[in-house]
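# Summary of structural features
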Amino acid sequence: TDGKRSLISLTKGSVYVISFLAKSVVNPGSIRIGLEERSTEKAIWSSETIGISIEPKQFEFNYTPSEDLDDLRFLISSESISHKFYIDRIQLKRL
């Protein structure tokens, strides 16, 4: 091996559920969650913009890859420079 481990591997045609719990610390805001290739930082999938309030809320998305994918990682982004969010219980399950 090359000393690197695959973070997330997905199988072509399988349906995956990506879920997480999120809340904003002070004011409502928005984020996107996605998957990217670790080595190239190429975005593989991204959610629509998700509105986050100060109350915790569970979010869930389905994703079906069109090819086998390896060495992926979660990507969470916000358009705000100084907004604080809590994100917990991130799960990726194959149905």
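All chains use their own residue numbering, which begins from 1 and follows the written sequence. Totals for whole chains, interfaces and linings use every residue, but because this is a predicted model, local features are given only for residues with pLDDT of at least 70 and side-chain atom pairs only at 80 or more, for both listing and counting. Calculated side-chain values reflect all of the structure's heavy atoms, with hydrogen atoms and water omitted.

Moving on, we get to the overall build of the chain. For helices the rule is a DSSP run of H or I covering at least 4 residues; for strands it is a run of E covering at least 2, with both sets numbered from the N terminus onward. Regarding its fold elements, the chain presents zero helices and seven strands. Taking the principal axes of the C-alpha coordinates as reference, the chain spans close to 45 × 30 × 20 Å. Counting the 95 residues in the chain, one finds 28% classified as buried. Contacts were defined at the residue level, with two residues in contact if any of their heavy atoms lie within 4.5 Å. Taking all contacts inside the chain whose residues are at least 6 apart in sequence as the whole, residues at least 24 apart take part in 76%. Computed by Shrake-Rupley with a 1.4 Å probe, the accessible areas treat only the displayed protein chains as cover when residues are assessed. As displayed, the chain has an accessible area near 6500 Å², and 46% of this comes from carbon and sulfur atoms. A positive count includes Lys and Arg, and a negative count includes Asp and Glu. His and the chain ends are not counted in either. Throughout, a charge is located at the NZ atom of Lys, the CZ atom of Arg, the CG atom of Asp or the CD atom of Glu. Averaged over its 13 positive side-chain charges, the chain has a centre that lies 4 Å from the centre of its 13 negative ones. Only protein chains enter the calculation, and the probe is 1.4 Å; a residue is then buried if its accessible area is under 20% of its type maximum, exposed if over 50%, and partly exposed in between.

Time to look at the sheet that holds strand E1 (residues 16-24). In this analysis, strands are considered paired if DSSP registers two or more bridges between them. Read across the open sheet, the three strands follow the order E5-E1-E7; overall the sheet is antiparallel. Looking at strand neighbours, the two that pair on one side only are strand E5 (57-63) and strand E7 (85-94), the edges of this open sheet. Going from strand to strand, the sheet's axes swing by 20 degrees on average, the running direction of each strand aside. When E1 meets E7, the two strands line up antiparallel, connected through eight bridges. In the strand pairing of E7, Ile18 is matched with Leu92. Geometry is summarised by axes, namely lines fitted to C-alpha atoms with helices restricted to the contacting stretch, and by angles between N-to-C directions that run from 0 to 180 degrees.

Moving on, we come to a nonpolar patch on the surface. Together, Val25, Val26 and Tyr86 line one region of the surface with nonpolar side chains, adding up to about 310 Å² of accessible area. Here Val26 shows up in the loop between E1 and strand E2 (29-37). Patch membership needs two things, relative accessible area over 30% and no salt bridge, and members are linked within 9 Å if like-charged or within 5 Å if nonpolar (Val, Leu, Ile, Met, Phe, Trp, Tyr). Whenever Lys or Arg places a side-chain nitrogen within 4 Å of a carboxyl oxygen from Asp or Glu, that contact is recorded as a salt bridge.

Among the structural elements, Ser14 can be located in the segment before E1. Sequence-distant contacts of Ser14, that is, excluding residues within four places in its chain, are made with Tyr63, Thr64, Pro65 and Arg94.

As enumerated under the stated definition, the model contains three salt bridges in all. For Glu36, the salt bridge is made with Arg73, and the minimal N-O distance between the two is 2.8 Å. With Glu36 in strand E2 and Arg73 in strand E6 (residues 72-77), the pair connects residues that are 37 residues apart, well separated along the chain. For Arg73, a relative accessible area of 27% gives the class partly exposed. Across the pair Glu41 and Arg73 runs a salt bridge, and its minimum N-O distance is 3.6 Å. You can see Glu41 sitting in the loop between E2 and strand E3 (43-46) and its partner Arg73 sitting in strand E6, a full 32 residues away along the chain. A network of salt bridges, in which partner residues are shared, links Glu36, Glu41 and Arg73.

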